[in-house]
Each structure stands twice: as structure tokens, then as C-alpha cells.
2 protein chains.
Amino acid sequence: METYRNRADRRRQTEERILDTARAMFAAVGYERTTIRAVATGAGVDPALVMQYFGSKKDLFVAASKLPDDWPAEGEGPLDPDEVTERLLATLGLKIGGIPESSLAMMRSMLTHPEAAQTVRDSLGRWIGAVGNALPGEDPQVRAALLMTTMVGVIIGQRLLELDALRDVPPDRLVALLRPCFAALADGK
Amino acid sequence: METYRNRADRRRQTEERILDTARAMFAAVGYERTTIRAVATGAGVDPALVMQYFGSKKDLFVAASKLPDDWPAEGEGPLDPDEVTERLLATLGLKIGGIPESSLAMMRSMLTHPEAAQTVRDSLGRWIGAVGNALPGEDPQVRAALLMTTMVGVIIGQRLLELDALRDVPPDRLVALLRPCFAALADGK
DNA sequence: GTCTATAAGCAGATAGAC
DNA sequence: GTCTATCTGCTTATAGAC
């Protein structure tokens, strides 16, 4: 029984090490350029073991890539635009410094891997619905969509393209600069 | 000579047809998932002909993908922030309806194809430099970068992810909604 | 349970027939 | 000049030895 527990633990540790490596590689080079072989080598295991544990490359991607939870839909009524702004900025501020690698993995492949694209589309759709539902004024859905695409653009620029101009800019500073911009979209002029 | 001209014309037409097909496929599914074979089939020619004309898949991508020209740097002095805003919005307004497929091809692959990433980084870097140079106030480069990532985000949302909320929204409307947002970033509060 | 060996398929690229 | 045939390499995935 002692033995069994140790083996189970070992297996869980190995599985976690494989997942970590996969996340890092999917985040770094995307779905297509990540190979089972490279993940296995990186994790120090046999390629067949990866298949044994996760079944297929697609399933490994599903296990390794994940988007953050949806907008917390507590109340349904229209919120204060300022509150919407602050919530989105807080989300972005947290994310931009420490986005989980699983999210970067998903975003890295969202333009070229159809299933990642669909996952991102669905998730953004829910965010847009919830945020738009909380906005006053005209075309709330469109303005919510623009808020979300702005966030996506910033994350892409800083974390995926790693633009020089956004390197070494503290998240707080970015949030401060974006605040009036978000406010303008949120209160619908 | 008549014959020669006809052959040269034919060849140019064939080359253009291959390029059109390649652009469409690169824009639709990205670099990795586009195959020489599929391009050839789509253009109604032999795969070997594509290699004959363009040398390699990389070279075909280079020939088919292109970003728009840089920001027109006429004067160097700080411009009116409103003017910067209007120029960027005009660029986006034109683009969003009719972005050249060659640009979409480049953007589709910018997160997963290293050379596309570098091309986009370089181009955005030049835009950021020029726009930042034209902005007054604090951290002009950072604000310029945020303006550019916002544009990138919107294009991705509407043309590459094809978000429902942005479908069928006229470019004019998007530009109008983004104007105060851009203005806030451009005049630095 | 883990790994060796290999299957099966598809890619880009090339050599040479016509 | 154009296409057939093939080479070489790489991938995911599997079957079976240990």
C-alpha cells in the first residue's frame, strides 16, 4: 500500500511535469510546432508515455491550455460604467503581469488552430455578452467587444509579440494609461 | 515575338493566380497548415511549378504576405493629438473594411511563424516610433504602442476571429466608437 | 508499467523524362 | 517549360517486447 501510494504519486508528478512542459511549449511556439517528442524530451520521459497518459496531441493541448473563468455575473442589471471599467482593468492588470501559461498557450494558437479559435471565440463571446449587458447607452455589445479586443491586443503586444515599447512597462502604468480609454468606451460618450 | 509575349503573359498570369491562391490560403489557415500541394491544386497547376516559380514555401510566403506601408513621416515635430487620432482612425477605417489579403496572411501567422512575427514586430515598431514621436505628454512611446495594439486587437476580433458582436458593424460605426478612446490615449489625459 | 520498434501518412524538395 | 516519380525527413500513433 505504501508502494501503491508512492507509485501513484510518482505518476501524478510525472503527469504534472509533462503538462508543465507542454504548456510552456504550446505557449512559446503554438500547437503545430509543438511535437510530442519535444515535450517528452523536455519532461525527461518517453514519447510513448505522453501518448499513454493523454491519448493524443489534441487531448494534450486541451489539458494544457485553458482560458480564465468568465466574467462574474452576479447582478444582471446595468452596472455603473466606472465599475465595469475598473473590473476589466483589474482583470487586465492581474493578467498582464502573471497570465497563466495555459492562457498564453491558448492565445498563441488562436489564429491558426481551429479548436483554439473556437474556444477563444466562445469565451470572448461570453465576456462580451456579460459586459455588454452591464453597459448603458447605445450598442453596448459592440462597445463591450471593443473593450475585449483592446485587452486582447494589449496582451498580444506585450506577451506574445513582446513589443519593445511595452517591455518593462509596469502593469500599473499600462492600466493607468488605459483607464480613460476604457472609460470612454464604457460610458458610451 | 507574338508568341514570346503570349508566353510571358501566360506565365505572369499563372504566377499571379498562384499568388492569389497562396494569399487566400495563408490568410485563411496560416503558414503551417497551408501546403504547396493545396496551393497548386487551388491554382490549377502542378506542385512542382510552384516550387519552380517561388523556390520554397518560405519564399512563397514572403511573396504572398505583406504589411501596409509605414506611417507617413512628413514632419517630425509633435503634431496635434487630434490629427494623430484622425490619421490612425482613417487608416483603421480603410483597413477594416478592405484590408489586403496579404496583410491578413501576415497577421494570421504572426503568433506562430517566427519570420511573420519578426516582420510584424518591425513594422509595429516603426509605427510606434513615428506615432510616439508625434504625441505630446508623458510616455508617448507607450501610448503609441497601446494605440497600435488596440488597432491590432480590433482587426483580429473582426477579421481573424470573426467575433459575432463585430460582424456586420459598419467600419464607420467602429471608428466613431473608438474615437474618444483613441483621443484619450493620444492627448495623454 | 515502461520503452523499443515500427507502422502509416504527409510534408517539402529534387531529378529527370517528355 | 511542364509534369511524373521519387527521395528524404518528420510527424502522430500503435503493437508488442521486456
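Rules behind the numbers
- Counting starts from 1 at the beginning of each chain's written sequence and moves along it residue by residue.
- Each chain gets a letter, beginning with A, and each ligand a number, beginning with 1, in the order they are written.
- With pLDDT at 70 or above as the cut-off, local features in this predicted model cover only qualifying residues; side-chain atom pairs require 80 or more to be listed or tallied, and sums for whole chains, interfaces and linings still use all residues.
- Side-chain measures here rest on the full set of heavy atoms in the structure, leaving out hydrogens and waters.
- The copies are overlaid by a least-squares fit using only the C-alpha atoms of residues whose pLDDT is at least 70 in both copies.
- Here, two residues are considered to be in contact whenever any of their heavy atoms come within 4.5 Å of each other.
- What makes a residue near a molecule or strand is one non-hydrogen atom of that residue sitting within 4 Å of it.
- Here a polar contact is recorded for every N or O atom pair within 3.5 Å, except that within protein the pair must consist of a potential hydrogen donor and a potential acceptor, and residues adjacent in sequence are included only if both atoms are side-chain atoms.
- We count a stretch as a helix when DSSP gives it H or I for four or more residues in a row; a strand needs E for two or more, and each element gets its number in order from the N terminus.
- Gly counts as polar in this scheme, as do all residues outside two lists: the nonpolar Ala, Val, Leu, Ile, Met, Phe, Trp, Tyr, Cys and Pro, and the charged Asp, Glu, Lys and Arg.
- Joining through side-chain atoms within 4.5 Å is the link that ties buried Ala, Val, Leu, Ile, Met, Phe, Trp, Tyr and Cys residues into a set, and such a set is a nonpolar core.
- To sort residues, take the accessible area from a 1.4 Å probe on protein chains only and compare it with the maximum for the residue type: under 20% means buried, over 50% means exposed, and anything in between is partly exposed.
- Lines fitted to C-alpha atoms define the axes here, with helix axes fitted over just the stretch in contact, and angles between the N-to-C directions of these axes take values from 0 to 180 degrees.
- Any angle that is under 35 degrees is reported as roughly parallel, and any over 145 degrees as roughly antiparallel; angles of 65 to 115 degrees are reported as roughly perpendicular and all others as oblique.
- Definitions for this section: a left-handed crossing has its near helix turned counterclockwise from the far helix by less than a right angle. A right-handed crossing has that turn clockwise.
- Accessible area that two parts lose when put together, evaluated with a 1.4 Å probe and summed over both, is termed the buried area.
- For this analysis, a ring pair means two rings from Phe, Tyr or Trp (six-membered ring only for Trp) whose centres lie within 6.5 Å, classed as stacked if their planes differ by under 30 degrees, edge-to-face if by over 60, and tilted for the remaining angles.
- To sit over a ring, a charge needs its Lys NZ or Arg CZ within 6 Å of the ring centre and within 35 degrees of the ring normal.

Caption draft 1: Fine view of the relation of the copies chain B and chain A. You can overlay chain B on chain A at an RMSD of 0.0 Å; the transform is a turn of 180 degrees with a shift of 0.0 Å along its axis. What we have between these two chains is a two-fold relation. Comparing interface residues between copies, 100% of those in chain B also sit at the interface in chain A, which points to an isologous, same-surface contact.

Caption draft 2: Region of interest: the protein's contact with DNA strand D. Taken together, the neighbourhood of DNA strand D is formed by A:T34, A:T35, A:I36, A:R37, A:M51, A:S56, A:K57, B:D46, B:A48, B:L49 and B:Y53. In DNA strand D, atoms within 4 Å of the protein come from the sugar-phosphate backbone in 67% of cases. A:K57 is positioned such that a nitrogen or oxygen atom in its backbone is 2.9 Å from a phosphate oxygen of DNA strand D. Among the secondary structure elements, those contributing two or more residues to the surface near DNA strand D are α2 (36-43) of chain A together with α3 (47-54) of chain B. Broken down by element, the residue count for the surface near DNA strand D peaks at three residues, all from α3(B). Here the surface near DNA strand D is built from residues that sort into five nonpolar, three polar and three charged.

Caption draft 3: Representation of the nonpolar core. Formed by 129 residues in total, the largest nonpolar core has its most connected members in A:L60, A:L88, A:I156, B:L60, B:L88 and B:I156. Apart from the residues lying within four places of it in its own chain, the contact partners of A:I156 are A:M107, A:M110, A:L161, A:E162, B:M110, B:L111 and B:I156.

Caption draft 4: Expanded view of the protein's contact with DNA strand C. Taken together, the neighbourhood of DNA strand C is formed by A:D46, A:A48, A:L49, A:Y53, B:T34, B:T35, B:I36, B:R37, B:M51, B:S56 and B:K57. Near-protein atoms of DNA strand C (within 4 Å) split between backbone and bases, with sugar and phosphate holding 73%. Measuring from a phosphate oxygen of DNA strand C, one finds a side-chain N or O atom of A:D46 at 3.5 Å. Within the contact set of DNA strand C, a phosphate oxygen lies 3.3 Å away from a backbone nitrogen or oxygen of B:I36. Elements that contribute at least two residues to the surface near DNA strand C include exactly α3 (47-54) of chain A together with α2 (36-43) of chain B. Counting residues per element, the surface near DNA strand C draws most heavily on α3(A), which supplies three residues. Broken down by class, the residue content of the surface near DNA strand C amounts to five nonpolar, three polar and three charged.

Caption draft 5: Examining the packing of helix α8 (residues 140-160) of chain A against helix α9 (residues 171-186) of chain A more closely. Residues and elements named next belong to chain A. Remark: α8 packs on α9, axes separated minimally by 10 Å, with the N-to-C direction vectors making an angle of 160 degrees. Classified by the angle between their axes, α8 and α9 sit roughly antiparallel to one another. Classified by chirality, the crossing of α9 by α8 is right-handed. Across from R143, L146, L147, T150, M151, V154 and Q158 in α8, the residues of α9 making contact are L174, L178, F182, L185 and A186. Split into classes, the residues belonging to the contact of α8 with α9 amount to nine nonpolar, two polar and one charged.

Caption draft 6: Spotlight on the interface of chain B and chain A. Facing 44 residues of chain B, the contacting portion of chain A comprises 44 residues. Both faces considered, chain B and chain A share a buried interface measuring about 3800 Å² in area, 74% of it formed by carbon and sulfur atoms. It is B:R33, B:L111 and B:L161 that lose the most area in chain B upon contact with chain A, and together they represent 18% of the buried surface on that side. Summed over the shared surface of chain B and chain A, the number is eight residue pairs in polar contact (both at pLDDT 80 or more).

Caption draft 7: Quick look at unusual backbone geometry. A positive phi angle is found at A:D168, which is not glycine, with a value near 65 degrees. Its location among the elements puts A:D168 in the loop between α8 and α9. Of note, B:E162 is a non-glycine position whose phi angle comes to about 55 degrees, a positive value. Looking at the element boundaries, B:E162 is found in the loop between α8 (140-160) and α9 (171-186).

Caption draft 8: Region of interest: the packing of aromatic side chains. Applying the stated criterion across every chain, the model contains eight aromatic pairs over all chains. With centroids separated by 4.9 Å and ring planes inclined at 90 degrees, the aromatic side chains of B:F26 and B:F61 adopt a geometry described as edge-to-face. Here B:F26, found in helix α1 (residues 2-33), pairs with B:F61, found in helix α4 (residues 57-64); they are 35 residues apart in sequence, far enough to count as distant. By relative accessible area, which is 0% here, B:F26 ends up buried. The exposure class of B:F61 is buried, given its relative accessible area of 4%. Feature note: the residues A:F26, A:Y31 and A:F61 constitute an aromatic cluster, connected by ring pairs. In this arrangement the basic side chain of A:R11 is found over the ring face of A:Y53, its NZ or CZ atom lying 4.0 Å from the centre.

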